[in-house]
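Single-letter residue listing:
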Amino acid sequence: MRADLLTAPQPPIGSLCSGYAGLDLGVQAVLGGTVAWHAEIDPGPERILSRHWPTVRTSATSPL
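About the criteria used
- The numbering scheme is per chain: residues are counted from 1 as the chain's sequence reads.
- It should be noted that, the model being predicted, local features are given only for residues of pLDDT at least 70 and side-chain atom pairs only at 80 or more, the latter also being counted only at that level, while totals for whole chains, interfaces and linings use all residues.
- As a rule here, side-chain values come from all non-hydrogen atoms in the structure, and water together with hydrogens is ignored.
- For two strands to pair, DSSP has to find at least two bridges joining them.
- Helix and strand assignments follow DSSP, with helices taken as H or I runs no shorter than four residues and strands as E runs no shorter than two, numbered in order from the N terminus.
- Looking down the strands as they point away from the viewer, one classifies a crossover as right-handed if the path from the first strand across the helix to the second runs clockwise.
- For this analysis, a nonpolar core means a set of buried residues of the types Ala, Val, Leu, Ile, Met, Phe, Trp, Tyr and Cys, connected via side-chain atoms within 4.5 Å.
- When accessible area is computed with a 1.4 Å probe and restricted to protein chains, residues below 20% of their type maximum are described as buried, those above 50% as exposed, and intermediate ones as partly exposed.
- By definition in these notes, contact holds between two residues if any of their heavy atoms fall within 4.5 Å.

A. Focus on the pairing of strand S2 (residues 34-39). In this structure, strand S1 (residues 12-16) lies alongside S2, joined through 5 bridges in parallel fashion. Counted as the bridge partner of Pro12 is Thr34 from S2. In this view, the connection linking S1 to its parallel neighbour S2 by way of helix H2 (residues 22-31) has right-handed handedness. Direction of pairing for S2 relative to strand S3 (residues 57-58): parallel, over a ladder of 2 bridges. Note that in S3 the partner of His38 across the bridge is Thr58. Regarding topology, helix H3 (residues 43-52) serves as the crossover connection from S2 to the parallel S3, and that connection is right-handed.

B. Spatial organisation of the environment of His52. Of note, His52 is situated in helix H3. Taking the C-alpha atoms as reference, His52 lies 9.7 Å from Ala21; in sequence the two are 31 residues apart.

C. Region of the structure containing the nonpolar core. Ala21, Val35, Leu49, Trp53 and Val56 form the largest nonpolar core, which has 5 residues in total. Setting aside its immediate chain neighbours within four residues, Leu49 contacts Ser18, Gly19, Tyr20, Ala21, His38 and Glu40.

D. View of H2. Here H2 lies mainly on the outside; 1 of its 10 residues are buried. In the stretch just after H2, Gly32 is the one whose phi turns positive, near 80°.

E. Layout of unusual backbone geometry. Phi at Cys17 is positive, roughly 50°, even though this residue is not glycine. As for its position among the elements, Cys17 is in the loop between S1 and H2. For Cys17, a relative accessible area of 70% corresponds to the exposed category. Its identity as a non-glycine residue notwithstanding, Ala21 has a phi of 70°, on the positive side. Mapped onto the elements, Ala21 comes out in the loop between S1 and H2. By relative accessible area, Ala21 is classed as buried at 0%.

Encoded structure:
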C-alpha cells in the first residue's frame, strides 16, 4: 500500500441504501474511517443499523 494512504486522515463514511452495512464494514476495513451516516428505509435493516451504530445518524432518526 502506498505510504501516503497510510498517513492520510481517515475519511468519514456515508452509506446510501445501507442494508445490513456489509459494504460499510468492508470500506472501514480497507480505508479506515468511521461511519458518519446511514440511509435506509427498510425497518429490519434500520433496527440492526441503530443497534450496532447507536450514535450514527440514520434517515429514519433525522433527515440527512
